[in-house]
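Chain by chain, the residues run as shown.
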Amino acid sequence: MAVTADTWGAAASALVDYAVSAGMIEPADRVWAYNTVLDQIGAEGPAPAEGWALGEAVAPADFDLDATLAVLAEASAQNGRVEDTSTGHDRAAMRVMGALLPRPSVIAARFDELADEAGPKAATDWFYRLCCDAGYVRRSAIARNIGWTTPTRWGELQITINLSKPEKDPRDIAAAGAAKNTGEKYPACQLCIENEGYSGRGAASPSGDHPARQNLRIVPIELGGERWGFQYSPYAYFNEHCIAMSARHRPMHVDRASLTCLFDFVDTLPHYFIGSNADLPIVGGSILSHDHFQGGAHVFPMMHAEVAESFTIPGFEDIEGVVLTWPLSVLRLRGADRERLLDACVHVIDAWRDWTDEKVDVIARTPDGTPHNTVTPVIRRVDTEGRVGGERYEAYLALRCNITSEEHPLGVFHPHAEYHHIKKENIGLIEVMGLAILPARLKDELAVTGAHLKAAADAGQSPIDVLATLESDPACSSHATWASGIYAHRSDEIAAGDVDAILREEVGAVFGHVLEDAGVFKWDEAGRAAQQRFIDAL
């Protein structure tokens, strides 16, 4: 839809006043900022409203950042600065916001100043608010996500249908993890520090599409004696979802060096947890090619899990070890001495890397030497009551194995095929802790499924008829067996109640089963015995 010069001029002046109110620029910068916005969108005018330049910077009470940037992006496309596509518009919007943000050095200096004067939480509060105000943290996109909790035998699991990103195939993730930086793409990946200020690329680029990052700001931090970057996730899955990434484009690894970095992080920002995806395909995250961690202010269901049993590792009697009542196989270690806890974690990881127990399908290495065992580690600082930010250290070690079989070609300890209609992607760090990130397709598919179930219940149809109806509708055929089973047991509830709530409850139950699939030591007699054999071997 075409916009007029007066419309984009009004949008530019409103955005400038918003930037002043958000502390991105000073009031004395307003005229410069207005002209900068015009330049970014390829416009030579119009003049701002009469008296605006000398007036006070007051952002409109109903100011909408997304709507304002949409007007300016449309103007940029009209003026030939970007292609008239969704990615072109996004690059135009990010270019405008990037021009109004302070330079990275100024932001880093202010972050350090606040951390020194008021503490690390004050520094992250300021930086997070800035990233939100600058549109880097996409609050409107995050708000579109659908979320709920489901009670299970493992506690309240958290479920999110992610409406911002496409579902990824685990085999594609594995291929990306094996890819090398050949120098053909810049930046090498979306986690490289070279993304800061990058203008992005469209799908037509020979190097492929890449998101605009002009409004990205990264605070330098030191982990493990090396330069790392600290930023917030643009599509946050939880409160203050942050990312720490190595300044070097190198593969993920879980070892003493990476654990040292995790401990350094919580010493720097003790009010945040930090964790690493596993470093192997299938059980790792979506990006294996760049060394990085994820953290934030959220408390996950795993952190509330009950203790199943306690244990002591010989030589580490000062470290408290417990097995959590959790669908994945998670050991929690606690201690006041950081170095002792680090040594204990390395001891467990090294033992697990070499652990084979064929009775439960755990294979450390195949004959060709390919490793299959690793861990998903999470570190927090807690007080004696388990509250975040105390003097004690807490380490969660989720034992992982990425062995495959003919029956389970995507992974023995990966979501099994019967649940792929709900969840097929890898179980990464966030989901290990009990927060499901489910694909956007489920929003419409569950709505169609629910409509069929409700109509069937009202008509008193049989489960066999329901199965046939679901199988005949391409919009929900993948859910036919699962949904008809729900109908067979809950048709009276569906007829009398909220079918959407019932389906959400059942989706949560599936997520619980998916996590159980990912657990290497099951909660049956054989699994408990296998768990004990490993603990005894420590």
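Residues numbered from 1 in each chain as written. Predicted model: local features only at pLDDT ≥ 70, side-chain atom pairs only at ≥ 80, totals over all residues. Heavy atoms only, no water.

### With respect to the packing of aromatic side chains
What counts is decided by this rule: Two rings belonging to Phe, Tyr or Trp (six-membered ring only in the last case) form a pair when the distance between their centres is within 6.5 Å. Interplanar angles under 30 degrees mark stacking, angles over 60 mark edge-to-face geometry, and anything in between is tilted. The secondary structure listing takes helices from DSSP runs of H or I that are at least 4 residues long and strands from runs of E that are at least 2 residues long, numbered from the N terminus. Working definition: with a 1.4 Å probe on protein chains only, accessible area under 20% of the residue-type maximum means buried, over 50% means exposed, and in between means partly exposed. Whether a charge lies above a ring is judged from NZ of Lys or CZ of Arg, which has to be within 6 Å of the ring centre and within 35 degrees of the ring normal.
In this structure the tally under the stated criterion is 21 aromatic pairs. Centre to centre, the rings of F521 and F534 are 6.5 Å apart; their planes meet at 35°, and the pair counts as tilted. Of this pair, F521 sits in the loop between α15 (499-518) and α16 (525-537) while F534 sits in helix α16, and the two are 13 residues apart along the sequence. The pair F521 / F534 is uniform in exposure class, with both members buried. An aromatic cluster is defined as three or more aromatic residues linked by ring pairs; in this entry it consists of F111, W126, F127, Y128, F230, Y232 and F265. Its end group placed over the ring of W52, R30 keeps NZ or CZ at 4.1 Å from the ring centre.

### Thoughts on the sheet that holds strand β13 (residues 435-438)
Rules: Criterion used throughout: strands pair if DSSP finds at least two bridges between them. Throughout, an axis means a line fitted to C-alpha atoms (over the contacting stretch in the case of helices), and angles, computed between N-to-C directions, take values from 0 to 180 degrees. Residue contacts are counted whenever heavy atoms from the two residues lie within 4.5 Å of one another.
Spatially, three strands are ordered β1-β2-β13 in an open sheet, and the strand pairing comes out mixed. The open sheet has two free edges, formed respectively by β1 (146-152) and β13, since each of these has just one partner strand. Taken pair by pair, the neighbouring strands of this sheet meet at an average axis angle of 25°, ignoring direction. Alignment of strand β2 (residues 155-161) against β13, held across four bridges, turns out to be parallel. Along β13, the bridge assignment pairs I161 with L438. Docked against the sheet, α15 engages β1, β2 and β13, running at close to 70° with respect to β1.

### Describing α16
Definition in use: Residue count minus one, scaled by 1.5 Å, sets the expected span of a helix. The directions considered for the arc run from the helix axis to the C-beta atoms.
Taking 1.5 Å of rise per residue, the 13 residues of α16 would be expected to cover 18 Å, and the 19 Å separating its terminal C-alpha atoms lies within 8% of that figure. Taken together, the buried positions of α16 are occupied by G527, A530, Q531, F534 and I535. Down the axis of α16, the sector holding all buried residues measures 140°, keeping them to one side. Every exposed residue of α16 that faces more than 90 degrees away from the buried side is listed here: E525 and D536. Where α16 is buried, its residues meet β8 (307-311), β9 (320-324), β10 (330-335), α10 (338-353) and β12 (392-401).

### A closer look at the environment of Y419
Looking at the secondary structure, you find Y419 in the loop between β12 and α11 (429-432). Every residue in contact with Y419, bar those within four places of it in the chain, is listed here: V510, H513, V514 and D517.

### Quick notes on the pairing of strand β4 (residues 226-232)
Burial within β4 is extensive, with five of its seven residues counted as buried. Bridge count between strand β3 (residues 219-223) and β4: five bridges; the pairing is antiparallel. Note on β4: the bridge partner recorded for V219 is F230. Here β3 folds back onto β4, and the loop between the two strands holds two residues, one of which, G224, carries a positive phi near 60°. In this structure, β4 lies alongside strand β5 (residues 242-246), joined through five bridges in antiparallel fashion.

### Focus: the sheet that holds β3
Consider a sheet: its strands pair through backbone hydrogen bonds, and that pairing is either parallel or antiparallel. Read across the sheet, ten strands follow the order β3-β4-β5-β7-β6-β11-β12-β10-β9-β8 without closing on themselves; strand pairing throughout is antiparallel. Two strands close off the open sheet at either side, each with one partner strand: β3 and β8. Looking at each pair of strands side by side, their axes are set apart by 25° on average, direction ignored. As paired elements, strand β11 (residues 373-382) and β12 share ten bridges and run antiparallel to each other. Bridging across to β12, P377 finds its partner in L397. Sheet strands touched by helix α6 (residues 120-133): β3 and β4. Its angle to β4, the strand with the most contacts, is close to 60°.

### Re the environment of H416
Along the chain, H416 turns up in the loop between β12 and α11. Remark: the alpha-carbon pair of H416 and H513, spanning 97 residues in sequence, is separated by 9.1 Å.

### Let's talk about the pattern of salt bridges
Pairing between side chains of opposite charge can happen when the charged atoms of each approach one another. Using the following cut-off: Just to be clear on terms, a salt bridge is a Lys or Arg side-chain nitrogen sitting within 4 Å of an Asp or Glu carboxyl oxygen.
If you walk through the whole model with that rule in mind, you get 30 salt bridges. We note a salt bridge from E113 to R110, for which the minimum N-O separation is 2.9 Å. Placement of the pair is E113 and R110 together in helix α5 (residues 104-118), with a separation of three residues, close to one helical turn. Notably, a salt bridge pairs D357 with R533, separated by 2.8 Å at the nearest N-O pair. A residue pair is termed long-range when its members are at least 10 positions apart, and D357 in the loop between α10 and β11 and R533 in helix α16 qualify at 176 residues. Taking the relative accessible area as the measure of exposure, D357 reaches 7% and is therefore buried. What emerges from the salt-bridge pattern is a single network uniting D264, D267, R338, E339, R381 and E391.

### A short note on the nonpolar core
In plain terms, the rule: Definition of nonpolar core: a set of buried residues of the types Ala, Val, Leu, Ile, Met, Phe, Trp, Tyr and Cys, connected through side-chain atoms within 4.5 Å.
With 97 residues, the main nonpolar core has L15, F230, F265, L333 and W352 as its most contacted residues. Considering each element in turn, this core owes the most residues, nine residues, to helix α1 (residues 5-21). Residues in contact with F265, not counting those within four places in the same chain, are I221, L223, F230, C242, A244, Y272, F273 and I274. W154, A305, W326 and I494 belong to the second-largest nonpolar core, a separate cluster that totals 54 residues.

### Some thoughts on the side chain of H421
Condition: Throughout this description, a polar contact denotes any pair of N or O atoms lying within 3.5 Å of each other; where both atoms belong to protein, one of them has to be capable of donating a hydrogen while the other can accept it, and for residues adjacent in sequence the pair is counted only when both atoms sit in side chains.
The residue H421 is located in the loop between β12 and α11 in this model. At 2.7 Å, the side chain of H421 forms a polar contact with the side chain of H479. The contact partners of H421, leaving out residues within four places of it in the chain, are R441, L442, E445, S478, H479 and W482.

### What about α1?
Turn by turn, an α-helix covers 3.6 residues, leaving residues three or four places apart pointing in a common direction. Relative to the 24 Å expected for 17 residues at 1.5 Å per residue, α1 spans 24 Å between its end C-alpha atoms, a close match to the ideal helical length. The buried count for α1 comes to twelve of 17 residues, which makes it a mostly enclosed element. Among the structural elements, α2 (30-40), α3 (65-78), α4 (86-100), α6 and α7 (139-144) are those in contact with the buried residues of α1. Directly beyond the C-terminal end of α1, a positive phi value near 80° is found at G23.

### A look at the packing of α5 against α6
This is how the line gets drawn: Just so you know the grouping, Ala, Val, Leu, Ile, Met, Phe, Trp, Tyr, Cys and Pro go in nonpolar, Asp, Glu, Lys and Arg go in charged, and all remaining residues, Gly too, go in polar.
Where α5 meets α6, the closest approach of the two axes is 6 Å, and the angle between their N-to-C directions is 145°. Seen from α5, the contacting residues are I107, R110, F111, L114, A115 and A118; seen from α6, they are P120, A122, A123, T124, W126, F127 and L130. The class makeup of the residues in the contact of α5 with α6 is eleven nonpolar, one polar and one charged.

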